[in-house]
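Residue-level structural notes
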Amino acid sequence: LAKTTQPISMDSYEGQEVNITCSHNNIATNDYITWYQQFPSQGPRFIIQGYKTKVTNEVASLFIPADRKSSTLSLPRVSLSDTAVYYCLVAPSGSARQLTFGSGTQLTVLP
Amino acid sequence: ETGVTQTPRHLVMGMTNKKSLKCEQHLGHNAMYWYKQSAKKPLELMFVYSLEERVENNSVPSRFSPECPNSSHLFLHLHTLQPEDSALYLCASSQDLGRALNRDTEAFFGQGTRLTVV
């Protein structure tokens, strides 16, 4: 299971774009990268998933360089309600361990 | 509302009690999970069920006993717990364990049960 490293915390201001980078140096060929968001006392919520290059949905974008040893979650124009913990997960599709969470990044959006 | 419902939302129990946590999903998913989240710690994957069969058990103490009677319901039976077992217990489900690069692997979580052992 590829180990992931994320910053413990980040601060931002409302309206700014936030980029959270995750390192996964030993990612395997069949691993996918998935990001979840968790608010206090709630279960995590799926944000986005990708394998390579760029993926975009209505919530965020995910940038994955060619070597796939890192990924960057980009949140456009954050608001106070985006304050949460963001988790980067890396594991092969089809594996029960694909949903193993690390420590995550506490994002605090300031007014 | 994620389609995954957990009851109760809060539970206080003594160390000699026996209680059960219930999880129900209305999404037609085949895989269900139990997680434990202690204060200031990452989520810990406890059990995984796929098509009602346990496929993973991450060295969880026997005082936690899961049960999956059908693909829509998952229970966690608790007995003789310790104060350090106090945590948020989260249930999740996914379509299956994931076989392709798409949203098959997306997991939907319940609101959790806040357990306090006294």
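Just so it is clear, the model here is predicted, and its values are computed rather than measured. Sequence positions are assigned chain by chain, starting from 1 and proceeding in written order. Going through the entries in the order they are written, you letter the chains from A and number the ligands from 1. Since the coordinates come from a predicted model, pLDDT governs what is reported: local features require at least 70, and pairs of side-chain atoms require 80 or more to be given and counted, while whole-chain, interface and lining totals use all residues. Hydrogens and water molecules were not included; the side-chain quantities draw on all heavy atoms of the structure.

**Quick notes on the sheet that holds strand E3 (residues 18-25) of chain B**
All names here are of chain B. Judged by pairing direction, the sheet is antiparallel, and its 4 strands sit side by side in the order E1-E3-E8-E7 without closing on themselves. Across the chains shown, the open sheet's two edge strands, defined by having one partner strand only, are strand E1 (4-7) and strand E7 (64-70). When strand polarity is set aside, the average angle formed by the axes of neighbouring strands in this sheet is 20°. Pairing between strands is defined by DSSP: at least two bridges between the two strands are required. Only DSSP runs of H or I reaching four residues or more are called helices, and only runs of E reaching two or more are called strands; each is numbered from the N terminus. Bridge count between E1 and E3: 4 bridges; the pairing is antiparallel. For Val4, the partnering residue across the bridge sits in E3 and is Gln25. To define axes, lines are fitted to C-alpha atoms, for helices over the stretch in contact only, and angles between the resulting N-to-C directions are given on a 0 to 180 degree scale.

**With respect to the pairing of strand E8 (residues 84-92) of chain A**
Residue and element names in this part refer to chain A. Summarising burial for E8: 8 of the 9 residues are buried, a large majority. As paired strands, E8 and strand E9 (residues 105-110) are joined by 3 bridges and run antiparallel to one another. Following the sheet pairing, Tyr86 is matched in E9 by Thr105. Here the term buried applies to any residue with accessible area under 20% of the maximum for its type, exposed to any over 50%, and partly exposed to those in between, with areas from a 1.4 Å probe on protein chains only.

**Side note on the state of the cysteines**
The rule for a disulfide is simple: a pair of cysteine sulfur atoms within 2.5 Å. In total, this model carries 2 disulfides over all chains according to the counting rule given. Here Cys22(A) connects covalently by a disulfide to Cys88(A), the sulfurs 2.2 Å from one another. Residues Cys22(A) and Cys88(A) are joined through a disulfide that is left-handed, its torsion about the S-S bond being -80°. On the criterion of sequence distance, the pair formed by Cys22(A) in strand E2 (residues 18-23) and Cys88(A) in strand E8 is long-range, its members being 66 residues apart. Here Cys68(B) is not cross-linked by a disulfide; its sulfur's nearest cysteine counterpart is in Cys91(B), at 9.1 Å.

Scope: geometric values only; no functional claims are made or implied.
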